[in-house]
Structures are given as C-alpha cells and as structure tokens.
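# Observations on the three-dimensional arrangement
Each chain, written out:
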Amino acid sequence: MDLTYTAEEEAFRTRLRDWLAASLPTLPTAPSPDDWPGRRAYDTAWQRMLYDAGYGEVHWDAAPTRRLIFLEETERAGAPYVGANFVGLLHAGPTIAAEGTAEQRQRWLPPILRGDEIWCQGFSEPDAGSDLASLRTKAVRDGDSYIVTGSKIWTSHAEVADWCELLVRTGPGTPKHRGISWLAMPMDAPGITVRPLRTLAGSAEFAEVFLDEVRVPVANRIGEENDGWRVTMVTLSFERGTAFVGEVVACRRTLGELAASARGNGRWDDPALRRRLGRLHAEFGALWRLIQWNVSESQATGGVPGVGGSVFKLRYSHARQELYEAAADVLGPDSLDLSRAWTPERLSSLSYTIAAGTSQIQQNIIAERILGLPKGP
C-alpha cells in the first residue's frame, strides 16, 4: 500500500501551513481549562475561522488523506484542538454525513462546521459501559415523537452542548443489539437535568444526564428504528479510527520535549530511560504508520474507518500511558505538581484504556472480527 502523499495533497499542506502561520498569532488568549462557557466560545470561534477560510469541510466532506494532513498540521502548529466541539466534529457529524438523510445532513452538518452548535455524547449509562448494548434508557413512540426516560453518564460536554447523540432502547422485546435507535436530542428540551462530574485531573468535561419524559421528534432519528446499533458502530469507527490522530502528533512532540528535559536535568544519563524513550519513539512512529494505513483503507471503502481502528485504539491507549509514566520518571518529585504541564496529562492518560471502548472490548473485536476467533460462551 502506498502511504506517500500526492503532489496535490502536498500543495494542500503548504497552503494550510501558510494560513496557520498567518492566523494563529491573531487568536486571543485561551480561557482557563475550567471555564467551559469561555472554552466553548473560544473553540467555536476557531472553528468559524476554519470554516470561513475553507477548511471546515475537512472533517467529512474531504478525502480521508486530506483530513489526515489537516489534523497533522494543525497539531504541529499548536492550533487549538476541536475542544468542546469534538463530539460534533469527530463523532456525530461524520455519522450523520454517512447515515443521515439529505434533510438531516442539511440541518445539522453546516452548524457543526461553522461552530454554531455543540454536541455531546449520550452513550454510556451507569449499568451499560463496556456492555453498551445493555443500555436501559427507553424511548416510547408517541405519534411523531419519542418519549425518552432514563439516564446517561460520562456525557462529554453536556453542560455546554446544544445537541446530544443519544442511544435509546426502542425495541424492548427484541434482542438487545437489535432494539436500539440513534437519536439527535436537543439539550434545551424540557425534562433534561445535567450534573457535571469532576475527573481525577480536576476538570469537569463530563456530566450525568437525567431524562424525564423528554420529547424527541421521530425525524431526529438517524437510521431506521431499532437499527441504532449498526449506526453506533459507524460512530465508534470514527471515534477509534480517526479521532485520535492529532493526539498521536502531540505525543510525538511531547516525546521530543521529554528527551530535551531529560538532557537538561541529568536524567538522560540513565541508559534505562534512554532505551525507554527510544522504544516509545519507535512505537509512536509505528502508530502513525498505522493511522496512515487505516486512513488509506477508509478512503478505499467509502470513508468509514474499519476494524483496524480497534488495533490502533488498543495500542495507542497503552502507549500514551507509558509516555506519561516516562514523563513522571523525567520530572521526578515534580511529577506530583499539578501545575507542571505533563502532570494533568498523566492523570488523564489513565482513562484512555477505558474511554472509547475499554482495552478488553478492543481485544474482543480484534479476536472476533480480524482473527476470526469464536465468541466466548
């Protein structure tokens, strides 16, 4: 498989680099990590700048290779991450682009690309995390609406979101994987209560969401009724296949900063540390090649990443944890100081083997869908 870029793609990279170099110095100071209304305003203003410059389409209307270049270059330039807009840009938007009707695409995609509307993810529940298909939030059909009752947990950015990609049970008498539907729920609907959750790192980007007879129009269903599990697999393919691209670039940059810091504080004299950093350098280089392979595959198969995303997610989650354990080794006692740049990232990295599908779930997917092994009893 050819993993090199064409002349046209490299020309796109050059134009993007020039635009970033001119635009980034004009940005205002970023708000505090705990100021979510401020972060929403900052992140959506950046998204509007991208849209007005013609780069909004890279998230799903452009070829996957061009999207890869965009994510690579914006991260290398230190541009703002998608932040509060990540569910819309990296999960819901691509899913609606792939599975929605023409009317649904017209309704939701332009506001996401312009930064006008923010989405959150309402998938996990207190008793349905790794076994997501066991979800109990129910949606009962009432004319042109569903009446939704239940609760969600770890709902990303619910406190500032306009819409929620919501999984509900619409077929209570069917096998659990066949009775689920994927809805777009307006977060200002009556009956919704949001309670923020604070993480180990001190941030509050997650929330509990309680739903008490919330009305959601049937027209907001993506895909057919009770076909939501298949649609969800599309969402998760994007989440595991391309959503972490920028983070791999960031990890490679962090690795270089770690080596420089180790040289400055004397830790570089430890041969075990040098071997550790060298192995991580090779690991993230291989992960970058795997990303390119996954993107090439999705480009050849209609734009939806395949199960190779699970291979990437499994290894990346552990590599990220290993990277920030190495950072703690380099920092020494300073690794307990939350004001140091790498300390919050180290705490955050602990969640990566759980978020977006646990490592155990990824191992099952790889075993069953790639290696063809039988399901367990």
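Before reading on, note that the structure itself is shown above.
### Digging into the pattern of salt bridges
- Considering all chains together, one arrives at 29 salt bridges under this definition.
- Among the ionic pairs, R13 bridges to E72, the shortest N-O distance being 3.2 Å. One end of the pair, R13, is in helix α1 (residues 7-23); the other, E72, is in helix α3 (residues 64-76), with 59 residues separating them in the sequence.
- In this structure E72 comes out as buried when scored by relative accessible area, which is 4%.
- Residue R320 is joined to E247 by a salt bridge in which the shortest nitrogen-to-oxygen separation is 3.4 Å. Residue R320 is located in helix α9 (residues 308-331), and its partner E247 is located in helix α7 (residues 245-265); the two are separated by 73 residues in the primary sequence.

### Notes on the packing of α3 against α7
- Where α3 meets α7, the closest approach of the two axes is 8 Å, and the angle between their N-to-C directions is 40°. Relative to α7, the crossing made by α3 is right-handed. Judged by residue contacts, L68, L71, E72, E75 and R76 of α3 engage V245, G246, V249, A250 and R253 from α7.

### With respect to a nonpolar patch on the surface
- Side chains of V311, I370, L371 and L373 sit close together on the surface and give an oily, nonpolar patch of about 340 Å² of accessible area.
- Take I370: it is sitting in helix α11 (residues 359-370).

### Considerations on the side chain of T170
- By the secondary structure assignment, T170 is in the loop between β4 (163-169) and β5 (180-186).
- Here T170 falls in the buried class, since its relative accessible area comes to 12%.
- Reaching out from T170, the side chain makes a polar contact with the side chain of S181 at a distance of 2.7 Å.
- A polar contact is formed between the side chain of T170 and the side chain of N226, at a distance of 2.6 Å.
- Sequence-distant contacts of T170, that is, excluding residues within four places in its chain, are made with A139, Y146, G179, I180, S181, E225 and N226.

### Examining the pairing of strand β2 (residues 138-142)
- Both β2 and strand β3 (residues 145-152) contribute to a ladder of 5 bridges, which runs antiparallel. When the bridges of β3 are listed, A139 appears paired with V148.
- Here β2 folds back onto β3, and the loop between the two strands holds 2 residues, one of which, G143, carries a positive phi near 65°.

Cut-off values and rules
Numbering of residues begins from 1 in every chain and follows the order in which that chain's sequence is written. Local features in a predicted model are, by the rule used here, given only for residues with pLDDT of at least 70; side-chain atom pairs are given and counted only at 80 or more, and totals for whole chains, interfaces and linings are based on all residues. No hydrogens and no water enter the side-chain calculation; it runs on all heavy atoms of the structure. What counts as a salt bridge is simple: a side-chain nitrogen of Lys or Arg found within 4 Å of a carboxyl oxygen of Asp or Glu. Put simply, DSSP H or I for four residues or longer makes a helix, DSSP E for two residues or longer makes a strand, and each gets a number counted from the N terminus. For the exposure calls, accessible area comes from a 1.4 Å probe over protein chains only, and a residue counts as buried if that area is under 20% of its type's maximum, exposed if over 50%, partly exposed in between. Helix axes use the C-alpha atoms of the stretch in contact, all axes being lines fitted to C-alpha atoms, and the angles between their N-to-C directions lie in the range 0 to 180 degrees. Crossing handedness follows the turn of the near helix against the far one: under a right angle anticlockwise gives a left-handed crossing, and clockwise gives a right-handed one. In what follows, a contact means two residues having at least one pair of non-hydrogen atoms within 4.5 Å. Exposure above 30% relative accessible area and the absence of a salt bridge qualify a residue for a patch, where like charges join within 9 Å and nonpolar side chains (Val, Leu, Ile, Met, Phe, Trp, Tyr) within 5 Å. Areas reported here follow the Shrake-Rupley algorithm with a probe of radius 1.4 Å; residue values treat only the protein chains shown as occluding. Counted as a polar contact is a pair of N or O atoms within 3.5 Å, where, for protein atoms, one must be capable of donating a hydrogen and the other of accepting one, and residues adjacent in sequence contribute only when both atoms are in side chains. Only when DSSP finds a minimum of two bridges between them are two strands counted as paired.

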